[in-house]
Amino acid sequence: MKYKKNMVQYCGIKKEGSTMAKNENRPTITLVCSECKHENYTTVKNKKNNPDKMEFNKFCKWCNKTTVHKEKK
Ligand SMILES: [Zn+2]
């Protein structure tokens, strides 16, 4: 039982550290439907690979069709 307790504590520390590093380099962005302006999706952006505004063709449940989703300003 002593071994198991130590493992839980180690995992907790490791998880917290990796989350912080992830937020610095890969911020979460919101994708907005260009037709109805609903915020339908979120994704993680890599600033080094995608310095410009990103666009995705995704299904919008409000428009009931696939539309262009743009990064929220
Ligand atoms: Zn829409």
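Keep in mind the model is a prediction, meaning the values are calculated, not measured. (Residues numbered from 1 in each chain as written. Predicted model: local features only at pLDDT ≥ 70, side-chain atom pairs only at ≥ 80, totals over all residues.)

**Structural notes on unusual backbone geometry**
In step 1: Of note, the phi angle at Lys 37 is positive, near 70 degrees, even though the residue is not glycine.
In step 2: With respect to the helices and strands, Lys 37 occurs in the loop between strand S1 (28–33) and strand S2 (39–44).
In step 3: By the C-beta count within 10 Å, which is 11 here, Lys 37 ends up exposed.
In step 4: With a phi close to 60 degrees, Asn 64 is a non-glycine residue in the positive phi region.
In step 5: Tracing the chain through its elements places Asn 64 in the loop between strand S3 (55–60) and strand S4 (65–71).
In step 6: In this structure Asn 64 comes out as exposed when scored by C-beta crowding, with 8 C-beta atoms within 10 Å. (Helix = DSSP H or I, 4+ residues; strand = E, 2+ residues; numbered from the N terminus. Buried ≥ 20, exposed ≤ 12 C-beta atoms within 10 Å, placed from the backbone.)

**Structural notes on the pairing of S4**
In step 1: Relative to S4, S1 is paired through three bridges, and the arrangement is antiparallel. By the bridge assignment, Leu 31 is partnered in S4 with Glu 71.
In step 2: Sheet topology note: the S3/S4 ladder contains six bridges and is antiparallel. Bridge pairing links Lys 58 to Thr 67 in S4.
In step 3: Count of turn residues in the S3/S4 antiparallel hairpin: four residues, of which Asn 64 carries a positive phi of about 60 degrees. (Pairing = 2+ DSSP bridges.)

**Details of the sheet that holds S2**
In step 1: Taken in spatial order, the four strands make up an open sheet running S2-S1-S4-S3, and their pairing is antiparallel. Strands at the two margins of the open sheet, each flanked by one partner only, are S2 and S3. On average, each strand axis in the sheet is tilted by 40 degrees relative to the strand beside it, whichever way the strands run. (Axes fitted to C-alpha atoms, helices over the stretch in contact; angles between N-to-C directions.)

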